[in-house]
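# Chains, contacts and geometry: an overview
Given next are the chains, with one letter for each unit.
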Amino acid sequence: MARPRNPQLNANGELIHFITPEGLSRDVLTHILDTASNFVSLNDREVKKVPLLRGKSVFNLFFENSTRTRTTFEIAAKRLSADVFNLDIAKSSAAKGESLLDTIANLSAMAADIFVVRHQDSGAPFLIAQHVAPHVHVVNAGDGRHAHPTQAMLDMFTIRHFKQDFSNLRVAIVGDVLHSRVARSDIHALTTLGAAEVRVVGPRTLVPADFTQMGVRVFHQLEEGIQDCDVVIMLRLQHERMNGALLPSSQEYFHQYGLTPEKLRHAKPDAIVMHPGPINRGVEIASEVADGPQSVILPQVTFGIAVRMAVMSIVAGNEA
Amino acid sequence: MARPRNPQLNANGELIHFITPEGLSRDVLTHILDTASNFVSLNDREVKKVPLLRGKSVFNLFFENSTRTRTTFEIAAKRLSADVFNLDIAKSSAAKGESLLDTIANLSAMAADIFVVRHQDSGAPFLIAQHVAPHVHVVNAGDGRHAHPTQAMLDMFTIRHFKQDFSNLRVAIVGDVLHSRVARSDIHALTTLGAAEVRVVGPRTLVPADFTQMGVRVFHQLEEGIQDCDVVIMLRLQHERMNGALLPSSQEYFHQYGLTPEKLRHAKPDAIVMHPGPINRGVEIASEVADGPQSVILPQVTFGIAVRMAVMSIVAGNEA
Amino acid sequence: MARPRNPQLNANGELIHFITPEGLSRDVLTHILDTASNFVSLNDREVKKVPLLRGKSVFNLFFENSTRTRTTFEIAAKRLSADVFNLDIAKSSAAKGESLLDTIANLSAMAADIFVVRHQDSGAPFLIAQHVAPHVHVVNAGDGRHAHPTQAMLDMFTIRHFKQDFSNLRVAIVGDVLHSRVARSDIHALTTLGAAEVRVVGPRTLVPADFTQMGVRVFHQLEEGIQDCDVVIMLRLQHERMNGALLPSSQEYFHQYGLTPEKLRHAKPDAIVMHPGPINRGVEIASEVADGPQSVILPQVTFGIAVRMAVMSIVAGNEA
C-alpha cells in the first residue's frame, strides 16, 4: 500500500503548508534554508523589499498572544511586499461564539493567501489547513506543545551558518523539553538534516526518559549533557514552571541547569549557544553567556526574518 | 419649495459620503453595484491591487468594536493601495475626555481622506459628515440600529449576482428586525432597487406590526413568511436577546424561527439563503442550511470586499 | 579640553537621533523646519507620498499609551513610504519579564531603521539610543517630564509659519509647566531659535520660581503673563492634577488661568493661540478661544505630520 501523502505537500511533493518539520524530507528543509540565504543579503541593500508577494494578503491569526513572533512574521511579509492583516482574533469572532472553522471559512472568503496561525491547542493549524480553500496556505507559528516549525528552521539556519555541515554535529537542547514545541521541532529538523547526535538535558520532571523514543539521548546533568557538544540550545523556562510542582525554585534551577561560563567549558571550545528568546537572565542562562562571544542569540533573530520570508514565499508559490 | 439636497450627495448629485441607502436614487445604488463588479474580477489576478487610492489615508474609527467589519474595510482600502490607520478610538481620545467633534477635527487636520465610522449611537456618522473638512469622506460601517449601508449593498450585490434582476423578486428578512441596522438598510435598498415584495418575519416582540410603514409585509410565522420567496435573509440573533424578556429561550427561538431544511422547502426551490454573519448555528439557522447548496453566505463575504472598494473609490473620487 | 559631542549628532555634526532640542544648534533646528516646509506642500498633491524611506522599517515603541501621537508618526512614516510596525510593547516583552535593553537588542536584530519611543520614564529614549546598533535611529515621542522634541518642533514650525521670524517674538507658555515635557522642549527650542522673550505662566504649585534658571520670566497671573505677547501656548491640564493637592478645583483653575476672549485681549491683537491637544474645553481654554480666529490649534496638527516626516527623513539619512 502506498504511504499517504504528507498533508503539507502537494502532488508534486512541494510545500503548500508549513505545520511541522516532522515527516518532511531533507530536500524540503534544505530548500527553505537555501531560499532564506538569498533573503539574508537583502538586509545590506538600500531598499530591503522584494515584490514576491505583492498584492497577496497575509493574515496573522494569533489565538495565543505573541507580539514578538507576530512582529517577525509581519516584517517578513512586508519585506515580500504583501499586505498584512493582524486580527485580534481572541477579541472578535471567538468572543461572538463563532466556531474556529466558521472564522476560517469567512477569512478565506476574503481572498486570503496565507494564514499565519498561533494557537494554544496542538493540532489547530493542521485542522485549519485541512479546511481552507485551495488558494490558502497555512504557516504554523506555534501550536500548543506540538510544533514551532519556523523557529526550528531559523535554528537550523543559524547552526548551518556557523557550523556549515550537520553531519558531524553534536547538539544539546537544555531545559523544559517536555513542554517545548521548539524542542520537538528542533529534534525533528536536526534528525532529518543529519545531525550526528541530538541530546536533551534537564530535570527528570521536564525531560522524561521516554524522550529516547524520538531518537535522542537523555541527560539529567548539565555538564555531562553538553560535554563535547558543538551546539547548545537553551530553552526558556516559563514563569509558571518556576514555582510549581515540577521545580523546587528558579534559584535552584539556575544552580543546576543555568548555563554559566564555567559550565559552558564542558562543551567544545567553539560551541555556539542559542536561545529562542526572550531570555530569563539568571534563570536558564547567565548574562555572561548570553552576552558572551559564543552566544548567537541575536543572529538567530536576524535570520528568523529571512527564514519566515523563505517559508511564506515558498508555500505561496506552490499550488495545492 | 425645492426639496433639500441629500447630505450624502454633492451639487452634481454625486455620492460624497455613504451613510445610509435611504433617500439615494436607484442610479446611485446601481453605480455602486456596477463598480463593485469590476473589482470582483480582481481576485482572479496575480496582483490583486489597483492604484486608485494610492497616497490616500483611510482612518478606521470604530467606536464600537467589530474586528470582522474593520478587517473587510482594511482589506478593501489596501487593495485600492490606500494607507490604512486603525485607531483604537475607545482607548484614546474618548478616554481623555475629548469630544467626538474635537477628535474628528484633529484627525481631519492630519489630511485624512476617508473616515470609516462604526458607532453604537444612531446618527453619529451623519453628525461627523456634517462637520468634516470638504476633503474628507465618511463611510458608515454601522451606527446603532440606524443603518449598515455597505452590508446592505453587499447583500444587493449578492442578490443581483444570483438572481440578475430585482423586479420579480420576493425577499424575506427573518429574525430580530427591530434591533437590526442591516434589516433597515436592506429594506431601503431593496425598495429603491425595485424588489417586487419585501417581507419581514419574526416574533411580535422583534417584528412589530408597524414595520408595514416601511412598505414591507409583516409575518410572525416562518413557513408562511418565506412561502414562495426567492431570497431569504436570516439575521443574527444577538446573545443579549436570547434569554431576555423578548424571547423565551434560544431553543424555543430555533424551534419557531430557526431555518431548517424542512422549513426552507416553503421558499422557492431555487431560493438563496443569506446571513450577514457571524452565524449562530442551531439558533437562527441549522448547519445543514448554512452549509447547504442554497447558502450564499460565503460569497457574500467575498463580494463585501468588492462592494467596500467600490464605495470608497466612488466617494473619494467626488468633490464636496 | 574639547566639549563632548552631543550624543544626537554624528562626527560631522549631523542629526542621527532626536531626543531633545536641548543642546542642538540653531542650524540643526532650522534644517528640520526647512525640510518640513517641503513636506507641507505634499498635502496639496494628488499622491501624498514620497519614496524617501521605502524599504525602511519604523517601529513604534510606545511604553506609555498615546494613540494620537503614535498615529501621527505612523502617518508621517507611511507618507515617506516606510513600513510601520506598532508594537503593543507593554503587553509583550515587558510582560514576559524581559529587560528594556534586551527588547531593544532583539528589535534591532530585526533590521529596524527607526525606533519611535514614548516612555513614562525620563531618559529612556536616550538610554535606548546609547545601546542600539549603528544602523538604528531613535526619535523621542515623549519621555516622562523630560522632552517632547517633535511637539516642540511643530510648535516652532507653526510660530514661524504665522510670525515668520523669532527674533522679535514674546512667547508665553501657560499652565502646568512643572509637569510638562512640551513646555521644557518649547523653552529650549524657542531660546535656541532666538525668541526675544519666553515667559511661563501659572500657579506657584505648577510654575515654581526657579524656572528662571531656564532663562524664562515667571508669572503667576495670567493677564500680566500674556501682556503684549505674540504667541500664547496653552498647556493641557492633566485630569490627575485637577482635584489633587496642587490645585483647588478645575473651575477655580479656569477662573484664574483659563484663556477666555476677555483675557486674551491682554496679548497683542494679532497674537496666535496654540495648544498641544487634546484640549479640555472650559478648563484651560474657553471654546470661544479654541474655535476663534486667533487659534492655530488645527494647523499645528497638520504641521505635525510634516515635522515628523522631516525628523525621520533627516535622521535616517545620516550615518552614525
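Fair warning: this is a prediction, and the values are worked out from it, not measured in the lab.

Criteria and cut-off values
Residues numbered from 1 in each chain as written. Chains lettered and ligands numbered in written order. Predicted model: local features only at pLDDT ≥ 70, side-chain atom pairs only at ≥ 80, totals over all residues. Heavy atoms only, no water. Least-squares fit on C-alpha atoms with pLDDT ≥ 70 in both. Axes fitted to C-alpha atoms, helices over the stretch in contact; angles between N-to-C directions. Helix = DSSP H or I, 4+ residues; strand = E, 2+ residues; numbered from the N terminus. Parallel < 35°, antiparallel > 145°, perpendicular 65-115°, else oblique. Left-handed = near helix turned anticlockwise from the far one by under 90°. Contact = heavy atoms within 4.5 Å. Salt bridge = Lys/Arg side-chain N within 4 Å of Asp/Glu carboxyl O. Buried < 20%, exposed > 50% of the residue type's maximum accessible area, 1.4 Å probe, protein only. Phe/Tyr/Trp six-rings, centres within 6.5 Å; stacked < 30°, edge-to-face > 60°. Domains from an automatic or database assignment. Buried area = accessible area lost by both parts, 1.4 Å probe. Polar contact = N/O pair within 3.5 Å; in protein donor to acceptor, adjacent residues only side chain to side chain. Arc of directions from axis to C-beta. Nonpolar A, V, L, I, M, F, W, Y, C, P; charged D, E, K, R; others polar. Pairing = 2+ DSSP bridges.

### Examining the relation of the copies chain C and chain A
Mapping chain C onto chain A calls for a screw motion: a turn of 120 degrees about the axis and a shift of 0.0 Å along it, with 0.0 Å RMSD after fitting. These values place the two chain copies in the arrangement generated by a three-fold rotation axis.

### Remarks on the packing of helix H3 (residues 100–109) of chain B against helix H12 (residues 297–317) of chain C
It is at 8 Å that the axes of H3 of chain B and H12 of chain C come closest, and there the two elements cross at 45 degrees. Here H3 of chain B lies oblique to H12 of chain C, going by the angle between them. Crossing hand, H3 of chain B versus H12 of chain C: right-handed. Listed contacts from H12 of chain C to Ala105, Asn106 and Ala109 of chain B of H3 of chain B are Leu298, Val301 and Thr302 of chain C.

### Observations regarding the pattern of salt bridges
By the definition in use, this model includes 42 salt bridges over all chains. Of the charged contacts in the structure, one is a salt bridge between Asp270 of chain A and Lys163 of chain A, with a shortest N-O distance of 3.5 Å. Of this pair, Asp270 of chain A sits in the loop between helix H10 (261–264) and strand E9 (272–274) while Lys163 of chain A sits in helix H5 (residues 149–163); the two residues are 107 residues apart in sequence, bridging distant segments of the chain. For Asp102 of chain B, the salt bridge identified is with Arg281 of chain C, shortest N-O distance 2.7 Å. With Asp102 of chain B in helix H3 and Arg281 of chain C in the loop between strand E9 (272–274) and helix H11 (287–290), the pair connects residues from two separate chains. The buried category is assigned to Asp102 of chain B, whose relative accessible area is 11%. Of the residues examined, Arg281 of chain C reaches a relative accessible area of 30% and is grouped as partly exposed.

### Considering unusual backbone geometry
With an omega dihedral of -10 degrees, the bond running from Gly277 of chain A to Pro278 of chain A counts as a cis peptide bond. Looking at the element boundaries, Pro278 of chain A is found in the loop between E9 and helix H11 (287–290). Even without a glycine there, the phi angle at Ser81 of chain B is positive, about 75 degrees. Note on placement: Ser81 of chain B falls in the loop between helix H2 (67–79) and strand E2 (83–87). Overall, the relative accessible area of 17% leaves Ser81 of chain B in the buried class.

### Structural notes on the packing of aromatic side chains
Residue and element names in this part refer to chain A. Applying the stated criterion across every chain, the model contains twelve aromatic pairs over all chains. When the ring of Tyr253 is compared with that of Tyr257, the centres are 5.6 Å apart and the planes differ by 35 degrees; the resulting orientation is tilted. One end of the pair is Tyr253 and the other is Tyr257, both in helix H9 (residues 250–257) and four residues apart, which spans about a single turn. You can call Tyr257 buried: its relative accessible area is 5%. Grouping aromatic residues by their ring pairs yields a cluster made of Phe59, Phe85 and Phe115.

### Section: the domain arrangement of chain A
Frequently, the measure chosen for interface size is the accessible area that the parts lose on association. Residue and element names in this part refer to chain A. On domain assignment, one finds that chain A holds domain 1 (17–147 + 302–317) and domain 2 (149–296). Taking only C-alpha atoms into account, the centre of domain 1 sits 26 Å from that of domain 2. Across the contact, 34 residues belong to domain 1 and 24 residues belong to domain 2. Taken together, the two surfaces of domain 1 and domain 2 that pack against each other cover about 2,300 Å², and 66% of this comes from carbon and sulfur. When the area that domain 1 buries against domain 2 is broken down by residue, the three leading residues are Leu33, Arg145 and Phe303, summing to 30%. Between domain 1 and domain 2 we count two salt bridges in total. With a shortest N-O distance of 2.9 Å, Asp34 and Arg160 are connected by a salt bridge. Our count for the contact surface shared by domain 1 and domain 2 stands at seven residue pairs in polar contact (both at pLDDT 80 or more). Broken down by secondary-structure element, the contributors of at least two residues to the side of domain 1 that touches domain 2 are helix H1 (26–40), helix H2 (67–79), strand E3 (114–119), strand E4 (137–143) and helix H12 (297–317). In terms of residues, the side of domain 1 that touches domain 2 owes the most to one element, H1, which gives nine residues.

### Some points on helix H9 (residues 250–257) of chain B
All names here are of chain B. Of all the residues in H9, the buried ones are Ser250, Tyr253 and Tyr257. Along the axis of H9, the buried positions cluster into a sector of 55 degrees, meaning they face one direction only. Opposite the packed face of H9, turned more than 90 degrees from it, sit the exposed residues Gln251 and His255.

### Comments concerning the interface of chain B and chain C
Tallying the contact residues gives 23 residues for chain B and 25 residues for chain C. Of the roughly 2,100 Å² buried where chain B meets chain C, counting both sides, 50% is carbon and sulfur surface. Between chain B and chain C we count three salt bridges in total. Lys48 of chain C serves as the salt-bridge partner of Asp113 of chain B, at 2.9 Å between the closest nitrogen and oxygen. Our enumeration of links across chain B and chain C arrives at nine residue pairs in polar contact (both at pLDDT 80 or more). Counting residues per element, the ones that place at least two in the side of chain B that touches chain C are strand E1 (57–62), E2 and H3 of chain B. Ranked by residues supplied to the side of chain B that touches chain C, first place goes to E2 of chain B with five residues. Among the residues forming the side of chain B that touches chain C, the class breakdown is eight nonpolar, six polar and nine charged.

### Comments concerning the environment of Leu87 of chain B
The residue Leu87 of chain B is located in strand E2 in this model. Note on Leu87 of chain B: relative accessible area 9%, which makes it buried. Separated by 27 residues in the primary sequence, Leu87 of chain B and Asn60 of chain B have C-alpha atoms spaced 6.1 Å apart. Ignoring anything within four residues of it in the chain, the contact list for Leu87 of chain B reads Phe59, Asn60, Leu61, Phe62 and Leu107 of chain B together with Thr67 and Thr71 of chain C.

### Concerning the sheet that holds strand E2 (residues 83–87) of chain A
Residues and elements named next belong to chain A. With parallel pairing, the four strands of this open sheet are ordered in space as E2-E1-E3-E4. The two strands at the open ends of the sheet, each matched to only one other strand, are E2 and E4. With direction set aside, neighbouring strand axes in the sheet form an average angle of 15 degrees. With five bridges joining them, strand E1 (residues 57–62) and E2 adopt parallel strand pairing. Considered in E2, the bridge of Val58 is made with Val84. Against the sheet, helix H4 (residues 124–131) touches E3 and E4, its axis set at about 170 degrees to E4.

### Details of the interface of chain C and chain A
Listed by partner, the interface residues are 23 residues for chain C and 25 residues for chain A. Carbon and sulfur atoms supply 50% of the area buried between chain C and chain A, which totals about 2,100 Å² over both sides. Linking chain C with chain A are three salt bridges, by the criterion used here. No other element matches the five residues that strand E2 (residues 83–87) of chain C contributes to the side of chain C that touches chain A.

### Some points on the sheet that holds strand E8 (residues 231–234) of chain B
Residues and elements named next belong to chain B. Pairing is parallel in the open sheet, where five strands are placed in the order E7-E6-E5-E8-E9. Sheet topology places strand E7 (217–219) and strand E9 (272–274) at the edges, where each strand pairs with a single neighbour. Averaged over all pairs of adjacent strands, the angle between strand axes in this sheet comes to 20 degrees, irrespective of strand direction. Examined bridge by bridge, strand E6 (residues 197–201) and E7 share three bridges and lie parallel to one another.

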